[in-house]
Amino acid sequence: MNKFEEFLRKITFNIKRGKELELNRRGFIASTLSLMGVFFLSSTPLLAVAKWKESQAEENLEHFIVNEGDLAVGDSFTFHFPNENDPALLIRISEDEYRAYNIKCTHLMCPVYFEKETTELICPCHHGFFNVEDGSVIAGPPPRGLPVVELAFKNNGIYAVGVTQTEHH
């Protein structure tokens, strides 16, 4: 026996060649659970960072839309809030009243538009109709009203400051 073979025998003395690939049910379950535990523990810091970033974004949630005089009564203005994937619509319904809604239809997420003549919010995909006053469903298949974008007025500007899910049906 040469020195290399002797070295290999020293470091592999506890390996039983005949049972290398044998794994019983208990061993398999223990290995699987251990691996799942490792995955869970390794993802925990990522979840904590994501939650922290989400809470930071909610604290700074304020988005300038337009100045108060920029819209005539009956006009609307499209913007995105709270992020670029959330289209919203600001509507001036009277001299001193504004409403804003997320404009993804609550039925199948088609874009809703404001019809100035009828003063209704309309989903053209499946003929859903929403009330401009509160975002509630007037007719059609939408299961609930449009999410309301909360507004704040300061320094002659209109700001989006939050989103509230409506309970109207």
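Report on the accompanying structure. Every value quoted in this text rests on a predicted model; they were computed, and no experiment measured them.

Bringing the environment of Leu108 into the picture now. Inspection of the secondary structure puts Leu108 in the loop between β4 (97-102) and β5 (113-115). Remark: the alpha-carbon pair of Leu108 and Pro143, spanning 35 residues in sequence, is separated by 9.9 Å.

Here the focus is the pattern of salt bridges. Summed over the entire model, instances satisfying the criterion amount to six salt bridges. With a closest N to O distance of 3.1 Å, Lys116 and Asp75 form a salt bridge. With a gap of 41 residues between them, Lys116 in the loop between β5 and β6 (120-123) and Asp75 in the loop between β1 (63-67) and β2 (76-80) connect regions that are remote in the sequence. Of the residues examined, Lys116 reaches a relative accessible area of 44% and is grouped as partly exposed. The exposure class of Asp75 is partly exposed, given its relative accessible area of 27%. Residue Glu133 is joined to Arg99 by a salt bridge in which the shortest nitrogen-to-oxygen separation is 3.3 Å. Of the two residues, Glu133 is situated in the loop between β7 (128-131) and β8 (137-139) and Arg99 in strand β4; the sequence distance between them amounts to 34 residues. Residue classification places Glu133 among the partly exposed positions, given a relative accessible area of 42%. One connected set of salt bridges, linked through shared partners, spans Glu97, Arg99 and Glu133.

Definitions and limits used
- Residues numbered from 1 in each chain as written.
- Predicted model: local features only at pLDDT ≥ 70, side-chain atom pairs only at ≥ 80, totals over all residues.
- Heavy atoms only, no water.
- Helix = DSSP H or I, 4+ residues; strand = E, 2+ residues; numbered from the N terminus.
- Salt bridge = Lys/Arg side-chain N within 4 Å of Asp/Glu carboxyl O.
- Buried < 20%, exposed > 50% of the residue type's maximum accessible area, 1.4 Å probe, protein only.

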